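# Examination of the molecular architecture
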Amino acid sequence: YEIRPRDWSSDVCSSDLLTVADGAAPVVLIERIEVETFDQLFLSQDTARTLVLSSCSGIRAAFPGKGDLFLEDVHAARTLAFTNKNVWARQLCIDHEGPKIINSGGNFWAFGLTTERGGTVVRTTDKGRTEVIGGMVNSSGGWKDDPMFRIDDASASFTISEASFSLAPFTTVVREKRGDQVKILSHEGLPGLAMPPHAGGVAVPLFTGYGSGGSGR
């Protein structure tokens, strides 16, 4: 099933503008949609069917259903939160102030991730698994109190660079919690091992943190 562009005015619906529910087609494709009403929910995936969003901008969505999710060339206007869900993203951009991605107990994979402003880029919790391969964190705005990445009893790996032309980078690159133990990778790096500088921020060639024993490295 495929949904292509059409003219939707901002007053079509006061709640969900588009809900993907159960149906005969196993996959629903939504492509080439630009949403300009950033202050209301645009989309809800309330189904076990697979949803594909391609070449969409201004997305503000909820994903209560268990169906797989594919994001290709997507700009999100608000936090993307997933619970016990499989998500694959390619060329994903999120530029609002605040948390960008929350993965609770699911599998999140991204190839090409760009974010702007403050707020944790990815928080992974509840034995979730996250992998980000290549990306840019544009740390615009003021000083950042939240960690760039947060891992709470979960697994995650990142390969990403940060740029802060305002010279206000994330002070904490990774906050990793396992049980009662918390470890911090700061902007300065580790004793005897400084973080590679990059355009006012840092470069993260590879960080890995796994829930099956051991800590990030």
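Structure shown above.
To start, this report covers the structure provided alongside it. (Residues numbered from 1 in each chain as written. Predicted model: local features only at pLDDT ≥ 70, side-chain atom pairs only at ≥ 80, totals over all residues. Heavy atoms only, no water.)

## Remarks on the side chain of Glu176
Tracing the chain through its elements places Glu176 in strand E16 (residues 172-178). Polar side-chain contacts of Glu176 include one of 2.7 Å to the side chain of Arg178. (Helix = DSSP H or I, 4+ residues; strand = E, 2+ residues; numbered from the N terminus. Polar contact = N/O pair within 3.5 Å; in protein donor to acceptor, adjacent residues only side chain to side chain.)

## Re the pattern of salt bridges
Summed over all chains, the structure comprises seven salt bridges. Note that Arg32 is salt-bridged to Glu31, the shortest N-O span being 3.9 Å. Overall, Arg32 belongs to the partly exposed group, its relative accessible area being 47%. Across the salt bridge formed by Arg175 and Asp152, the nearest N and O atoms sit 3.6 Å from each other. Of the two residues, Arg175 is situated in strand E16 and Asp152 in strand E14 (residues 149-152); the sequence distance between them amounts to 23 residues. The exposure class assigned to Arg175 is partly exposed, which follows from its relative accessible area of 22%. Of the residues examined, Asp152 reaches a relative accessible area of 9% and is grouped as buried. One continuous salt-bridge network, built from bridges that share partners, spans Arg123, Arg150, Asp152 and Arg175. (Salt bridge = Lys/Arg side-chain N within 4 Å of Asp/Glu carboxyl O. Buried < 20%, exposed > 50% of the residue type's maximum accessible area, 1.4 Å probe, protein only.)

## Thoughts on the environment of Asp73
Residue placement: Asp73 occurs in strand E7 (residues 69-76). Between the alpha carbons of Asp73 and Arg90 there is a distance of 6.2 Å; along the sequence they are 17 residues apart. Discounting chain neighbours no more than four positions away, the residues touching Asp73 are Ser54, Ser55, Cys56, Arg90 and Gln91. (Contact = heavy atoms within 4.5 Å.)

## Looking at the pairing of strand E10 (residues 101-104)
Pairing between strand E8 (residues 80-83) and E10: four bridges, direction parallel. Its bridge partner being in E10, Thr83 is matched across the sheet by Ser104. Two strands pair when backbone bridges link them, and E10 and strand E12 (residues 122-125) are joined in this way by four bridges, in the parallel orientation. When the sheet's bridge partners are listed, Ile101 is paired in E12 with Val122. (Pairing = 2+ DSSP bridges.)

Limitation: the analysis is restricted to geometry and does not speak to function.
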